[in-house]
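# Understanding the architecture of this molecule
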Amino acid sequence: MSDPTVPESRAYRHVQCQTETVVGEESFVVASNPMSSMEQTFCSTCQMMFPIAEFEWVDTGETIADYYARHSADATDMQRLLCSKKCMVAIALLGALLGAIAFYLLVKDDDFTTQAFVIFAGLAVGGVIGLQVFLKVFEGPITRKVCGVSDTRLLK
């Protein structure tokens with residue numbers, strides 16, 4: 001039995017102006033994820049951000065806020081925290097700090113220019129590693145457990 005095909009996009013309607021916006025790529029990954037803590041999204045006609053309660057999925061008529069509530073109803077407060085933007089930023093910053101320290105230790109006896117360059121590189125590498133840790137250790141597994149799918153773009 002094969003896995004269902006993951007859709008590349010989905011349309012939502014701004015209830016106020018009654019026009020549709022098609023969301024795809026990374027924006028669709030975030031918008032489809034009930035654990036993403038997204039509070040606002042973009043209306044392509046109004047050219048502004050509005051609360052997700054003002055948008056409904058075109059194919060189901062359910063507001064994005066209700067969709068989030070339904071699919072994340074079983075999430076604990078700790079799971080919500082670990083999937084939050086605050087946790088993502090904290091882990092990325094911790095990774096950046098640890099990366100800078102580790103890289104500095106490699107060149108602590110070198111000249112200032114080398115140290116500065118290497119510390120900056122350590123910040124960047126550590127931050128990227130921190131983001132990957134967030135995605136692979138926290139956000140991905142928790143979202144799969146709560147939502148019951150490997151990719152939230154499959155949810156309706």
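The text that follows walks through the structure, step by step, so that each part is easy to find. (Residues numbered from 1 in each chain as written. Predicted model: local features only at pLDDT ≥ 70, side-chain atom pairs only at ≥ 80, totals over all residues. Heavy atoms only, no water.)

### Some words on the overall build of the protein chain
Basically, it comes down to this: Elements are defined by DSSP. Helices are runs of H or I of four residues or more, strands are runs of E of two residues or more, and each kind is numbered from the N terminus. The reference for a compact globule is 2.2 Å times residues^0.38; the radius of gyration itself is calculated from the C-alpha atoms. Each residue gets one of three labels from its accessible area relative to the maximum for its type: buried under 20%, exposed over 50%, partly exposed in between, using a 1.4 Å probe on protein chains only. Contacts: residue pairs with any heavy atoms within 4.5 Å of one another. Only the protein chains shown count as covering a residue, and every accessible area follows the Shrake-Rupley method with a 1.4 Å probe.
When its secondary structure is counted, the protein chain shows 5 helices and 5 strands. Listed N to C, the secondary structure of the protein chain is β-β-α-β-β-β-α-α-α-α in terms of helices and strands. A compact globule built from 156 residues should have a C-alpha radius of gyration of about 15 Å, whereas the protein chain, at 20 Å, is more than 25% larger. Overall size of the protein chain, expressed as C-alpha extent along the three principal axes, is 65 × 40 × 30 Å. A total of 156 residues make up the protein chain; the buried ones form 37% of that total. The long-range share in the protein chain, meaning contacts at least 24 apart out of those at least 6 apart in sequence, stands at 59%. Put simply, the protein chain shows about 9500 Å² of open surface, and 63% of that area lies on carbon and sulfur atoms.

### With respect to unusual backbone geometry
Although it is not a glycine, Glu25 sits at a positive phi angle of roughly 55°. Residue class for Glu25 comes out exposed when judged on its relative accessible area of 68%.

### Structural notes on the side chain of Arg13
How we decide: Contacts described as polar in this section are N or O atom pairs within 3.5 Å, which, within protein, must combine one atom able to donate a hydrogen with one able to accept it, while residues neighboring in sequence count only if both atoms come from side chains.
As for its position among the elements, Arg13 is in strand E1 (residues 9–14). A polar contact is formed between the side chain of Arg13 and the side chain of Glu56, at a distance of 2.6 Å. Aside from chain neighbours lying at most four places away, what touches Arg13 is Gln18, Thr19, Glu20, Glu54, Phe55, Glu56 and Val58.

### Digging into the state of the cysteines
Note the following rule: Here, a disulfide means two cysteine sulfur atoms that sit within 2.5 Å of each other.
Applying the stated criterion across every chain, the model contains 0 disulfides. In this structure Cys17 is not part of a disulfide, and its nearest cysteine sulfur, from Cys43, lies 3.6 Å away. Overall, Cys17 belongs to the partly exposed group, its relative accessible area being 26%.

### Regarding the nonpolar core
Across soluble globular proteins, you tend to see nonpolar side chains buried next to one another. Spelled out, the test is: For our purposes a nonpolar core is just a set of buried Ala, Val, Leu, Ile, Met, Phe, Trp, Tyr and Cys residues, chained together by side-chain atoms within 4.5 Å.
Met35, Trp57 and Ile64 are the most contacted members of the largest nonpolar core, which has 20 residues in total. Counting only elements with at least two residues in this core, the list comes to helix H1 (25–32), strand E5 (55–57), helix H2 (64–71) and helix H5 (112–147). What Trp57 contacts, discounting residues up to four positions off in sequence, is Arg10, Ala11, Tyr12, Val23, Ala31, Glu62, Ile64 and Tyr67.

### A word on the environment of Cys83
As for its position among the elements, Cys83 is in the loop between helix H3 (77–82) and helix H4 (85–107). You can call Cys83 buried: its relative accessible area is 3%. Sequence separation between Cys83 and Gly148 is 65 residues, and the spatial gap between their C-alpha atoms is 15 Å. Here Cys83 is in contact with Met35, Phe134, Phe138, Glu139, Ile142 and Thr143, once residues within four sequence places are set aside.

### A few points about H5
For clarity, the cut-off: Between the first and last residue of a helix there are one fewer steps than residues, each counted as 1.5 Å, and that sum is the expected span. Here the bend at each residue means the angle between axes fitted to two seven-residue stretches, the one ending at that residue and the one beginning there.
For H5, which comprises 36 residues, the first-to-last C-alpha distance of 50 Å matches the rise-based estimate of 52 Å (1.5 Å per residue) to within 8%. Roughly 35° is the biggest bend found in H5, and it falls at Leu135. For H5, the N-terminal capping position is held by Asp111, with its side-chain oxygen 3.2 Å away from the main-chain nitrogen of Thr113. Positive backbone phi, approximately 80°, marks Gly148, located one or two places after H5.

### Some points on the layout of surface pockets
Under the convention used in this document: Cavities and pockets were defined on a 1 Å grid built from protein atoms only: a cavity is a group of points that admits a 1.4 Å probe but offers it no way out, a pocket is an open group of points flanked by protein on both sides within 12 Å along at least five of seven lines, and a lining residue is one with an atom within 4 Å of any such point. Grid points are joined across faces, edges and corners, and a volume is the space filled by probe spheres set on the points.
The space that makes up the largest pocket amounts to roughly 560 Å³. Those elements that provide at least two residues to the lining of the largest pocket are H1, H4 and H5.

### With respect to the sheet that holds strand E2 (residues 19–24)
The condition is simple: Strand pairing is assigned whenever DSSP detects at least two bridges linking the two strands. Note on geometry: axes are lines fitted to C-alpha atoms, helical ones only across the stretch in contact, with angles between N-to-C directions running from 0 to 180 degrees.
The strand order across the open sheet built from 3 strands is E2-E1-E5, with neighbouring strands paired in antiparallel fashion. The open sheet terminates on both sides in strands that have one partner only, identified here as E2 and E5. Between one strand axis and the next, the sheet turns through 35° on average, direction left out of account. Relative to E2, E1 runs antiparallel, the two sharing 6 bridges.

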